[in-house]
Amino acid sequence: MASDPTASSFYQTVNAYFDRAAALTDYPAGLLEQIKVCNAVYAVQFPLRRQDGSIEVIAGWRVQHSHHRLPVKGGIRYAPEVNEDEVKALAALMTYKCAIVDVPFGGAKGGVRIDTKKYTTQELEQITRRYTAELIKKNFIGPGVDVPAPDYGTGPREMAWIYDTYSAFNPGAIDAMACVTGKPVTQGGIRGRVEATGRGVYYGLREACAQREDLAPLGLTPGLEGKRVVVQGLGNVGYHSAKFCQEAGCVIVALSERDGAVYNPAGLDVDAVVRHQRETGSIRDFPGAKTIVPTNLALELPCDILIPAALENQITAENAPRIQARIVAEAANGPTTAAAERILRERGVLIIPDVYLNAGGVTVSYFEWVKNLSHVRFGRVGKRFEESAFDRLLSAVERATGRAFPEAERRRIVRGPDEIDLVNSGLEETMITAYHQIRECWKRDPRVPDLRTAAFLVALRKVATTYLELGIFP
Ligand code: GLU
């Protein structure tokens, strides 16, 4: 990562974004302070007996940023760089993110400082179960209290361990399944959660790129078709963002991973690159593409849209002047430093901010939580009823017109929604509605310089309204 001499901590950066939006409001200072601070910070250290018999002390955190709504919600990250400042920043982002997409949760985040590659599956299970037990001890997990989810370095497998540990400590708790989201579908998960963040990135980007008057100053035509895209990070979010963009007609010119990037101006097939990575152990030397090392040079390649989908602080004051993209679509949390943001804004680059763009994950987590609490799969109750209603309607049309629908068309029209259809439609609706809310805030108020400030302002107003309606503040 390029060093940034003007860099402040990640949490300071998030707070600076908050302050910039807060300055545009006339809420009492105390209320603004209450919204900004982390309400509860839990740091824990616990021992792990490694398979070679040695003992290692593992550090973990859970930060609950805002209790204005409960439960609080946010992923758990496993990475060697995890620290308290980072978890606080990510927890704060979760509060604003949930508010922007009207997910009725406060924000939280967890982190465990480990390099997952250095542990066996059994050790990772031990770490996850012990971390969960530590959360249980302090009432930092539960369907109505705090509901974790996957983040960098964790996935459905870890969520299943968390759920299993929680239910073992809470026998008979009927809503135990809602203590964590992002579970495997067989363990109470919801279809579409794995790809939700990437799908949300695609919906958000599509909406942004549909605004002719916003794209014209960037020298771009509306629509995703033919846009040249660079994606940094091929984890869950990067892979799915790249895949949905490719399906929508974007030309994926470069994909980057930790150990290198591959570049082909004529376009890469995302699945073929992933296959190559799986077979050879690296993304490098993908046939027909140029290998780029060091990997961060990929950010500076010629393209229309840059999608950072890895970790924070990737676009810095150092490399920002060389970024060629006209749109930066923040799929990761905090990929752009504040100093880099200033440079990009001066250069007329449109930044679609993380707090909005990667909210698809928590949106579908919310659907999963609702599913778990209602104990019924979306679509199960109404599907057949809707099918027969459409069937009756088509039959009436046929009788009135004297013409029969071809069988395939009839089947397509009468099909009732399955869980995945409802999840995707709810996600699409959420991302479109939220985009227009923040865009309007940006366009209407000349004091709002960009989409990020607009997103924070929208979020701040929603959280403030909740506090004011609680009657805590005069
Ligand atoms: N870790 C994801 C995020 O940063 C998802 C959180 C969730 O689903 O609760 O938004």
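Predicted, not measured: the structure shown is a model, and the values here were computed from it. (Residues numbered from 1 in each chain as written. Predicted model: local features only at pLDDT ≥ 70, side-chain atom pairs only at ≥ 80, totals over all residues. Heavy atoms only, no water.)

## As for the overall build of the protein chain
No. 1: Counting its secondary structure elements, the protein chain contains 16 helices and 12 strands.
No. 2: Radius of gyration (C-alpha) of the protein chain: 23 Å, near the 23 Å computed for a compact globule of 474 residues.
No. 3: If one aligns the C-alpha atoms of the protein chain with their principal axes, the spans along those axes are about 75 × 60 × 60 Å.
No. 4: Burial status across the protein chain gives 57% buried among its 474 residues.
No. 5: The contacts in the protein chain between residues at least 6 apart in sequence include a share of 68% that link residues at least 24 apart. (Helix = DSSP H or I, 4+ residues; strand = E, 2+ residues; numbered from the N terminus. Rg over C-alpha atoms; globule rule 2.2 N^0.38 Å. Buried < 20%, exposed > 50% of the residue type's maximum accessible area, 1.4 Å probe, protein only. Contact = heavy atoms within 4.5 Å.)

## Re the site of the ligand
No. 1: Residues in contact with the ligand amount to 14 residues; listed here are only the nearest, K73, K97, P150, D151 and S365.
No. 2: Here a nitrogen atom of the ligand sits 2.8 Å away from a polar atom, N or O, in the main chain of P150.
No. 3: Expressed as a share of its isolated accessible area of 290 Å², the protein-covered part of the ligand is 95%.
No. 4: Of all elements in the fold, only β3 (72–78), α3 (84–100), β5 (146–150) and α12 (360–374) reach the threshold of two or more residues within the shell around the ligand.
No. 5: Of the residues belonging to the shell around the ligand, the class tally is 4 nonpolar, 5 polar and 5 charged. (Near = heavy atom within 4 Å. Polar contact = N/O pair within 3.5 Å; in protein donor to acceptor, adjacent residues only side chain to side chain. Areas by Shrake-Rupley, 256 points an atom, 1.4 Å probe, with all protein chains shown as cover. Nonpolar A, V, L, I, M, F, W, Y, C, P; charged D, E, K, R; others polar.)

## Let's talk about the packing of helix α8 (residues 236–247) against helix α9 (residues 270–280)
No. 1: Put simply, α8 and α9 touch, their axes get as near as 9 Å, and they point 145° apart. Of the residues in α9, those in contact with Y239, A242, K243 and Q246 of α8 are V270, D271 and V274. (Axes fitted to C-alpha atoms, helices over the stretch in contact; angles between N-to-C directions.)

## Some words on helix α5 (residues 156–169)
No. 1: A rise of 1.5 Å per residue sets the reference length of α5, with its 14 residues, at 20 Å; its end C-alpha atoms lie 20 Å apart and thus fit the reference within 8%.
No. 2: Elements that come into contact with the buried residues of α5 comprise β3, α4 (121–137) and β5. (Expected span 1.5 Å × (residues − 1).)

## Concerning the packing of aromatic side chains
No. 1: Here the structure, examined in full by the defined rule, presents 12 aromatic pairs.
No. 2: Seen from their ring centres, Y202 and Y203 are 5.5 Å apart, and the 40° between their planes marks the pair as tilted.
No. 3: Residue class for Y202 comes out buried when judged on its relative accessible area of 15%.
No. 4: Aromatic rings pair up to connect F105, Y366, F367, W369 and F378 into one cluster. (Phe/Tyr/Trp six-rings, centres within 6.5 Å; stacked < 30°, edge-to-face > 60°.)

## Details of the confidence of the model for the protein chain
No. 1: Of all residues in the protein chain, 98% have pLDDT values of 70 or greater, and the mean over the chain is 96.
No. 2: Segment residues 1–6 is flagged for pLDDT under 50; beyond a separation of four residues in sequence, or across chains, it makes 13 contacts in the model. (pLDDT = per-residue confidence, 0-100.)

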